[in-house]
Amino acid sequence: MTQNHAFPRTRLRRSRATSWTRALVRENVLTPSDLIWPLFIAEGHGIEDPVAALPGVSRWSVDLIVERAKEARELGIQCVALFPNTPPEKRSDDGAEALNIDNLMCRATKAIKDAMGDDIGVLTDVALDPYTAHGQDGLLDANGYVDNDRTLDMLTKQALNQANAGADIIAPSDMMDGRVGAIRDTLELANHHVVQIMAYSAKYASAFYGPFRDAVGSGDTLKGDKKSYQMDPANSDEAIREIAMDIAEGADSVMVKPGLAYLDIIYRAKAEFNVPVFAYQVSGEYALVEAGAAAGVGDRDALMMEKLIAFKRAGCSGILTYFAADAARLLRDGDTA
Ligand code: PBG
C-alpha cells in the first residue's frame, strides 16, 4: 500500500467542522460577568435622555439608574460604571461640584447600593472633567497647564466622597502622576480597606472619546486637548511604566483605554504583570460599530461579539462596554457558536 502524501496528516479543519467541535476546542469565552456597563446619570426624576452621539445609549435620572443596575444584575453583569452629566450651572473653573457629597455621582451610587447592596458592584470615575467649566480633567495653572499636585488634592477628596457614598471600585481616569497612591492612602485612613482601585493606567489621548464628551456635556466646553496628561498613541513602553507605577501604588486592577486599537498594550500588560487587566471599549468604538452597521457594512451583533471576544483573547479579565446589556442578552438568548 502506498501512502499518498498529497493528503495532509494534520487537518486543523477537522476541529472546525461542526458547532459542537468548535465549542469543544474554543480557547476563550465571553460571559456576562466579563462585562462592566457604563451608565450616564442625569438630573431629574423619571428621565431617559438619549445621547445623540451614541445610538441606543441614554442618560438616566437616579431613580432609573437603579432600574438599569437591576437589569444588569438580572443579565448576569456584575458591575456598573457611573458617569454624571452635571448641569452647566454647577460647572466651574475649580470643579467644586466634584467635592459636593450630594452630587449626582454620589446620589446615584448611594441609590444603587441602598437598593441592591452587594448584589452588584459600583465603579465610580475619578476626574474633574464632568465638573470643570473648561472640560479638562484637572485644575489649570496660570498658563492653562493642568496642575498635577493641586488636582491630586481634589481627586483624593472626590474619591473619598464616592467611597463614603458606597462605591466599590474607584477608577481614576485623570492620568495625574501619583493619584493611585494618594487615593489608596486616603481610603485606608478612612477605613475603606475593601474599596478597590481600578486604575485607568494606560489611557491614551484618543480621538475615540468624542461621543462620551457629548454624553457628559464636556464636548462643547473643552478647550484644547488632553495631550499634556493622556498618553501618546505612539507609545508602548511608557504604558508599561504607567502600569508598573499604578500597581506599585496599590492598584487592584489596571485598565487600557481605548480598547481595540491598543490590544498590543493589553497583551503586554497581561504578560508582564499578571494582574487583572480591563479594556475600556470607548464611546467612539461603540458609535463606529453602530454607524457601520447602519450603513450596511456588517451585522451589528456579529461585529459586537467579534470585538468583545478579541479583548478576552488578548488577556482581559473584563471589558467596560456600552454593548454590555445587549451582549449579555445575546449570550443568554442567541446562538453565538
Ligand atoms: C474622563 C473620561 C473620559 C472617558 C472616560 N472618562 C473622556 C476623556 O478623557 O476625555 C472616555 C470614555 C469613552 O469615550 O467612552 N476623564
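Residues numbered from 1 in each chain as written. Predicted model: local features only at pLDDT ≥ 70, side-chain atom pairs only at ≥ 80, totals over all residues. Heavy atoms only, no water.

Let us now look at the overall build of the chain. A count of helical and extended segments in the chain gives eleven helices and ten strands. For the chain, the C-alpha radius of gyration of 21 Å lies close to 20 Å, the compact-globule estimate for 337 residues. Projecting the C-alpha coordinates of the chain onto the three principal axes gives extents of approximately 85 × 45 × 40 Å. Considering only contacts within the chain whose residues lie at least 6 apart along the sequence, 75% involve residues at least 24 apart. For the chain, the exposed surface amounts to about 15,300 Å²; the carbon and sulfur share of it is 52%. (Helix = DSSP H or I, 4+ residues; strand = E, 2+ residues; numbered from the N terminus. Rg over C-alpha atoms; globule rule 2.2 N^0.38 Å. Contact = heavy atoms within 4.5 Å. Areas by Shrake-Rupley, 256 points an atom, 1.4 Å probe, with all protein chains shown as cover.)

With that settled, consider the nonpolar core. Ranked by internal contacts, the top residues of the largest apolar core, which has 99 residues, are Leu82 and Ile112. With residues up to four places along the chain from it excluded, the contact list for Leu82 reads Leu39, Ile41, Ile65, Met105, Ala108, Thr109, Ile112, Val122, Leu123 and Asp125. (Core = buried A, V, L, I, M, F, W, Y, C linked by side-chain atoms within 4.5 Å. Buried < 20%, exposed > 50% of the residue type's maximum accessible area, 1.4 Å probe, protein only.)

Here we come to a nonpolar patch on the surface. A surface patch of nonpolar side chains, amounting to about 370 Å² of accessible area, comprises Trp20, Leu24 and Val25. On the secondary structure map, Trp20 appears in helix α1 (residues 19-25). (Patch = residues over 30% accessible without salt bridge, like charges linked within 9 Å, V, L, I, M, F, W, Y side chains within 5 Å. Salt bridge = Lys/Arg side-chain N within 4 Å of Asp/Glu carboxyl O.)

Turning next to the packing of helix α4 (residues 148-165) against helix α5 (residues 179-189). The geometry of α4 relative to α5 is characterised by a closest axis approach of 9 Å and an angle of 45 degrees between their N-to-C directions. Considering their axes alone, α4 and α5 lie oblique with respect to each other. At the point where α4 passes α5, the crossing takes the right-handed sense. From α4, Leu152, Leu155, Thr156, Ala159, Leu160 and Ala163 reach across to α5, where they touch Arg179, Ala182, Ile183, Thr186 and Leu187. Here the contact of α4 with α5 is composed, by residue class, of eight nonpolar, two polar and one charged. (Axes fitted to C-alpha atoms, helices over the stretch in contact; angles between N-to-C directions. Parallel < 35°, antiparallel > 145°, perpendicular 65-115°, else oblique. Left-handed = near helix turned anticlockwise from the far one by under 90°. Nonpolar A, V, L, I, M, F, W, Y, C, P; charged D, E, K, R; others polar.)

On to empty space enclosed by the protein. The full count for this structure, using the stated rule, is three cavities of 30 Å³ or more. Of the volumes computed, that of the largest cavity is approximately 160 Å³. In this structure, the largest cavity is lined by 18 residues; those nearest its centre are Asp129, Lys203, Tyr209, Phe212 and Lys257. Of all elements in the fold, only β7 (196-203) and α6 (210-215) reach the threshold of two or more residues within the lining of the largest cavity. Residue classes in the lining of the largest cavity are distributed as eight nonpolar, three polar and seven charged. (1 Å grid on protein atoms, 1.4 Å probe; cavity = no way out; pocket = protein on both sides within 12 Å on 5 of 7 lines; lining within 4 Å. Points joined across faces, edges and corners; volume = space filled by probe spheres on them.)

Moving on, we come to the environment of Gly334. Take Gly334: it is sitting in the segment after α11 (324-333). The spatial distance from the C-alpha of Gly334 to the C-alpha of Tyr204 is 34 Å, given a sequence separation of 130 residues.

Further remarks concern the site of the ligand. Lining the immediate environment of the ligand, one finds 17 residues, of which Lys203, Arg213, Lys226, Lys257 and Tyr322 sit closest. Lys203 is positioned such that a nitrogen or oxygen atom in its side chain is 2.7 Å from an oxygen atom of the ligand. The pocket occupied by the ligand, as judged from atoms lying within 2 Å of grid points, is the largest cavity. (Near = heavy atom within 4 Å. Polar contact = N/O pair within 3.5 Å; in protein donor to acceptor, adjacent residues only side chain to side chain. Sits in = over half its atoms within 2 Å of the grid points.)

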